[in-house]
Amino acid sequence: MNDSLKRFFDGDIWWSFKQHPLVMIAAVTALLCILASAFAPLVAPHNPFDLKTLNLLDAFTPPSWTTNGKAQFLLGTDDQGRDVLSTIMYGSRVSLVVGICAVLLAMLIGITLGLISGYVGGSVDAFIMRVADIQLSFPAILIALLIDGVARVALPKGMHDQLAVYVLVFAIAASGWVQYARTVRGSTLVERNKEYVQAARVIGRKPLAIMFSHVLPNVTGPVLVLATLHVGTAIITEATLSFLGVGVPPTQPSLGTLIRIGNDFLFSGEWWITVFPGAALVILVLSINVLGDWLRDALNPKLR
Amino acid sequence: MTRSKIYCALFSALFTTVIAILPVSLEAKTLRYASQDDPQTLDPHSANLLPTNRVLSQVYEGLVMRDKNFKIIPGLAVSWSQPDPKTWRFKLRPNVKFHEGQAFTADDVVFSVERALHPLSQLKSSLQGVQTAKKVDNLTVDLIMKEPNPVLLNHLFQFRIASKEWAAKNKSEIPQNYKDREDTFSSRNTNGTGPFKVTLRQPDVKTVLVANADWWNKNSPEKGNLTQVDLLPVKSNATRAAALLSGEVDFVLDPPPQDIARLKGNPNIKIVEGVEARFQYLAFDSNRSELLYSDVKGKNPLKDVKVRQAIAHAIDVEAIKEKVMRGLAVPTGSVVPPGVQGYSKDADKRPAFDKEKAKKLLTEAGYPNGFSITLDCGNIQPAADICQAIPPMLSQVGIRATPNIVPQATFFPKIQKFDTSMYLLSWGAATYDALYNLQLLLHTSTGENTGFGDSNYGRYSNPKLDDLIKKIGVESDMKKRDGMIRDASTIITNDVALLPIHLPLVPWAMRKNVDAVFAPNNVAYFFRFKLN
């Protein structure tokens with residue numbers, strides 16, 4: 001363990017990381033966001049979902065540094081009297097969970113199909129890639145909307161709210177697997193004719209074993225880059241769906257839901273209800289994207 | 001040279017034609033109207049819901065109508081008399097035609113009375129006390145009463161007349177079954193005698209009304225100049241306000257309360273404010289022996305008057321008025337709003353906001369740790385916002401309430417099937433008489449549309465109140481009647497049969513060039529509107 005840690009700190013990636021101050025800032029920001037949302041119940045100043053602590057008379061309190069602000073509500077309160085800072089912490093929790101789970105699921109589907117497609121080839125390859133092509137011709141948000149709509153009708157009424165998060169994860173994953181499948185397939189096509197794969201085949205290993213224990217480790221680099229960038233996109237997709245009112249139910253709001261709620265009060269001058277969740281979304285996605293971009297450059301041997 | 005002269009002549013000829021045509025095309029006056037709601041149906045008798053009434057009252061007419069000042073005046077009837085206490089005789093207006101050209105006769109009135117009294121109709125109250133209609137001659141109709149109704153004309157204001165011939169042709173003789181969301185010809189098409197006809201109907205997208213050039217009342221002094229109205233449902237609060245600010249729409253029926261100040265500050269926009277005889281209220285399932293949506297099993301806490309009182313004491317109406325309504329509301333405790341026949345100040349008492357008392361009442365009722373319950377609301381403003389504001393208040397006295405906000409199209413059929421434990425709704429006194437509210441909201445419900453308890457979806461039942469309501473219905477001494485209404489209101493308040501919250505003040509927002517006439521039932525009567 002110590003050895004591999006040492007190898008990591010001696011390696012190119014760590015060196016490149018230290019060379020880029022912007023990347024370091026992004027990494028710290030992303031980490032802070034993740035920690036703040038993961039430990040929201042411990043660090044958030046209020047629990048916005050404990051109805052007993054809410055007071056409607058606190059509603060629309062502006063941020064604490066403005067004239068009518070109150071010290072206990074740093075970023076002000078929303079229309080229900082909930083602390084905006086706390087709702088952001090709890091809200092980014094939902095956003096992050098949905099984003100990360102969706103990416104993991106998309107990776108699982110994409111890598112499996114990509115490996116099979118690249119390794120087996122022939123009509124299987126053609127079939128999987130044509131499905132991928134068809135799907136690529138639809139915008140991701142449309143596919144997510146379609147799946148959500150179908151789930152809404154198919155699931156019993158009471159169940160939908162409880163299962164909303166799973167539906168959302170599935171919808172976003174289903175609209176994002178193509179990228180992984182294509183990337184993995186491309187790399188697999190290159191790898192499968194190399195000597196080590198032929199050697200494995202000669203000693204009689206099964207195709208599945210070759211795919212997952214020999215080919216897969218050699219194609220993960222680009223997938224990692226894709227996945228990092230995809231987390232950002234997935235969070236945005238989730239926010240878009242929730243903004244449109246088809247995402248998570250209002251009882252467990254994500255950042256997108258918070259922005260939608262605040263949107264109603266933009267004209268009347270209560271800007272903090274929507275601006276702060278919006279800013280939180282931008283910061284979170286931006287730092288993830290900066291990390292992803294850097295990872296792509298750091299892992300690209302041609303740019304070193 | 002000659003060629004250019006020809007061009008010149010041609011051009012000027014063309015120009016004069018354009019000038020000649022121009023005044024005609026300028027006369028098209030289209031009002032683009034936005035509100036968050038869309039009519040639930042176009043059937044004249046199937047659903048008694050405000051968004052539906054708002055559109056249908058432009059298209060269909062009744063025997064009587066109301067003028068600018070909301071006084072009853074002759075409509076499709078030119079005069080009426082009461083030959084005996086159980087008969088009302090109406091002389092009908094001659095030479096009136098339906099939009100599709102059918103002549104209006106006594107047969108249409110008799111048919112429409114039958115249709116509005118059909119078991120599927122939710123507008124039986126528009127014919128309160130009427131047993132049947134009898135044709136005397138082509139332009140005379142008798143309404144035969146089963147019991148006297150001193151305020152029949154007020155009720156008749158809501159009664160709409162459709163063409164018998166048209167209904168027969170299109171197999172729409174009976175009302176659409178709204179509760180089961182039936183789709184019929186008459187729920188999508190109209191044929192009235194009114195100032196506007198529906199030329200386009202796309203549910204939740206757009207409804208277009210075009211002025212009826214042959215309207216019998218087109219020379220009325222109240223007549224405005226609109227030739228077309230585009231009704232646009234715009235759900236989002238911010239979008240509605242933005243559309244008005246940018247000039248994309250001319251009129252917004254329900255601007256969001258939080259944006260009134262901003263709209264008032266815009267020189268191109270004006271606000272017309274009015275009071276509607278409508279109140280927002282909470283209603284309870286006080287009928288079932290076990291609530292559908294609660295963790296209390298084996299009994300129904302809402303049957304206990306103490307629990308209902310506790311809820312009344314737990315709700316801070318002032319906070320709702322201040323924060324949700326931005327001051328545009330008057331807290332009330334009565335189911336008979338001011339301005340309605342029978343209103344009395346003594347009965348308009350609200351339980352004070354008192355959390356301690358609420359907790360005490362809950363403990364006395366046997367729920368020291370409270371209970372859980374679901375509050376059903378339609379996704380319409382401000383109801384949805386109030387619906388979110390109430391659960392925290394109830395939680396603070398121990399009642400763990402969860403708001404369940406669903407689209408209007410789901411909400412109404414749901415509560416009409418009594419599939420609710422507690423719901424938030426608003427109610428307008430359409431006839432401007434207390435009986436309408438008492439009878440429809442608080443008389444014991446039979447589960448059918450009988451004109452008694454039709455809108456009592458919590459199925460509150462109190463035999464003493466039922467008796468009183470029946471007596472009010474047939475009492476013709478107005479003074480005695482008002483006294484009985486006061487007694488009924490007091491029973492309701494003490495028993496918390498319903499929990500009135502407030503009367504919303506109604507602001508209409510429009511571009512400066514719109515001349516609107518406010519009607520106290522919060523309906524924009526487009527024939528009185530002008531576009532300058």
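Residues numbered from 1 in each chain as written. Chains lettered and ligands numbered in written order. Predicted model: local features only at pLDDT ≥ 70, side-chain atom pairs only at ≥ 80, totals over all residues.

### Some words on the overall build of chain B
For step 1, the next point in the chain: When its secondary structure is counted, chain B shows 15 helices and 20 strands.
For step 2, the next point in the chain: A compact globule built from 532 residues would reach a C-alpha radius of gyration of about 24 Å, and chain B, at 25 Å, matches this within 12%.
For step 3, the next point in the chain: Along the longest, intermediate and shortest principal axes, the C-alpha atoms of chain B span 105 × 55 × 40 Å.
For step 4, the next point in the chain: Burial status across chain B gives 51% buried among its 532 residues.
For step 5, the next point in the chain: For chain B, long-range pairs separated by at least 24 residues make up 70% of all intrachain contacts whose partners lie at least 6 apart in sequence. (Helix = DSSP H or I, 4+ residues; strand = E, 2+ residues; numbered from the N terminus. Rg over C-alpha atoms; globule rule 2.2 N^0.38 Å. Buried ≥ 20, exposed ≤ 12 C-beta atoms within 10 Å, placed from the backbone. Contact = placed C-beta atoms within 7 Å.)

### What to know about the interface of chain B and chain A
For step 1, the next point in the chain: Each side of the interface is counted separately: chain B has 21 residues, and chain A has 15 residues.
For step 2, the next point in the chain: When contributions to the side of chain B that touches chain A are tallied by element, the ones reaching two or more residues are helix 6 (237-246), helix 7 (260-264), helix 9 (317-324) and helix 11 (383-395) of chain B.
For step 3, the next point in the chain: Counting residues per element, the side of chain B that touches chain A draws most heavily on helix 11 of chain B, at seven residues.

### Re helix 9 of chain B
Three- or four-residue spacings in an α-helix give side chains the same orientation, since the helix completes a turn every 3.6 residues.
All names here are of chain B.
For step 1, the next point in the chain: Within helix 9, the full set of buried residues consists of Val317, Ile320, Lys323 and Val324. Projected onto a plane normal to the axis of helix 9, the buried residues spread over an arc of 145 degrees and lie on a single side.
For step 2, the next point in the chain: In this fold, the buried residues of helix 9 make contact with strand 14 (329-331), helix 11 and strand 18 (498-511).
For step 3, the next point in the chain: Looking one or two residues past helix 9, Arg326 carries a phi angle of roughly 50 degrees, positive in sign. (Arc of directions from axis to C-beta.)

### What about the pairing of strand 7 (residues 140-145) of chain B?
Residues and elements named next belong to chain B.
For step 1, the next point in the chain: Burial along strand 7 is one-sided: Val141, Leu143 and Met145 are buried, and none of Thr140, Asp142 and Ile144, which face the opposite way, are.
For step 2, the next point in the chain: Where strand 5 (residues 87-92) lies against strand 7, five bridges are found, and the strand directions are antiparallel. In the sheet register, Arg89 faces strand 7, and the bridge partner there is Asp142.
For step 3, the next point in the chain: The sheet contact formed by strand 6 (residues 130-137) and strand 7 spans six bridges and is antiparallel. In the sheet register, Ala133 faces strand 7, and the bridge partner there is Leu143. (Pairing = 2+ DSSP bridges.)

### Description of helix 3 (residues 106-116) of chain B
Residue and element names in this part refer to chain B.
For step 1, the next point in the chain: Judged by how many residues are buried, helix 3 sits mostly within the fold: eight of 11 residues are covered.
For step 2, the next point in the chain: Residues of helix 3 that are buried include every one of Ala106, Asp108, Val109, Phe111, Ser112, Val113, Arg115 and Ala116, and no others.
For step 3, the next point in the chain: Contact partners of the buried residues in helix 3: strand 5, strand 6, strand 7 and helix 5 (164-169).

### Topic: the domain arrangement of chain B
Residues and elements named next belong to chain B.
For step 1, the next point in the chain: When cut into domains, chain B gives domain 1 (60-178) and domain 2 (278-505).
For step 2, the next point in the chain: Of the residues lining the interface, 17 residues belong to domain 1; the matching set on domain 2 comes to 16 residues.
For step 3, the next point in the chain: Of the residues that constitute the side of domain 1 that touches domain 2, the class distribution is six nonpolar, nine polar and two charged. (Domains from an automatic or database assignment. Nonpolar A, V, L, I, M, F, W, Y, C, P; charged D, E, K, R; others polar.)

### A few points about the environment of Gln122 of chain B
Residue and element names in this part refer to chain B.
For step 1, the next point in the chain: Mapping Gln122 onto the fold places it in the loop between helix 3 and strand 6.
For step 2, the next point in the chain: Given 23 C-beta atoms within a 10 Å radius, Gln122 is considered buried.
For step 3, the next point in the chain: Beyond its immediate chain neighbours, meaning those up to four positions away, Gln122 contacts Ser46, Ala47, Asn48, Tyr178, Asn449 and Asp454.

### Some remarks on the nonpolar core
Nonpolar side chains in soluble globular proteins tend to be buried together.
Residue and element names in this part refer to chain B.
For step 1, the next point in the chain: By size, the foremost hydrophobic cluster in this structure holds 146 residues, and its most contacted members are Tyr33, Phe251 and Phe526.
For step 2, the next point in the chain: Residue-level mapping places this core at the junction of two domains, with at least three residues from each of domain 1 (60-178) and domain 2 (278-505).
For step 3, the next point in the chain: Leaving out residues up to four positions away in the same chain, Phe526 has contacts with Leu31, Gln58, Phe196, Leu209, Leu226 and Val229. (Core = buried A, V, L, I, M, F, W, Y, C linked by C-beta atoms within 7 Å.)

### Let's talk about the sheet that holds strand 5 of chain B
Residues and elements named next belong to chain B.
For step 1, the next point in the chain: Taken together, four strands build an open sheet; the order of strands is 4-5-7-6 and the sheet is antiparallel. A single partner strand is all that each edge strand has here, and the edge strands are strand 4 (77-84) and strand 6. Ignoring which end each strand starts from, the neighbouring axes of this sheet average 25 degrees apart.
For step 2, the next point in the chain: Along the sheet face, helix 3 touches strand 5, strand 6 and strand 7 and points at about 170 degrees away from the line of strand 6. (Axes fitted to C-alpha atoms, helices over the stretch in contact; angles between N-to-C directions.)

### Some details on the environment of Asn287 of chain B
All names here are of chain B.
For step 1, the next point in the chain: Residue placement: Asn287 occurs in the loop between strand 13 (278-284) and helix 8 (305-314).
For step 2, the next point in the chain: The exposure class assigned to Asn287 is partly exposed, which follows from the 17 C-beta atoms found within 10 Å.
For step 3, the next point in the chain: Considering only alpha carbons, one finds Asn287 and Tyr423, 136 residues apart in sequence, at a separation of 14 Å.

### Quick look at the confidence of the model for chain B
The predicted coordinates of low-pLDDT regions are not to be read in fine detail.
Residues and elements named next belong to chain B.
For step 1, the next point in the chain: Mean pLDDT over chain B works out to 90, with 95% of the residues at or above the 70 mark.
For step 2, the next point in the chain: Long-range and interchain partners of residues 22-26, a stretch whose pLDDT sits below 50, account for zero contacts in this model, where long-range means more than four residues apart.
For step 3, the next point in the chain: Confidence estimates for the predicted assembly give a pTM of 0.80 and an ipTM of 0.74. (pLDDT = per-residue confidence, 0-100.)

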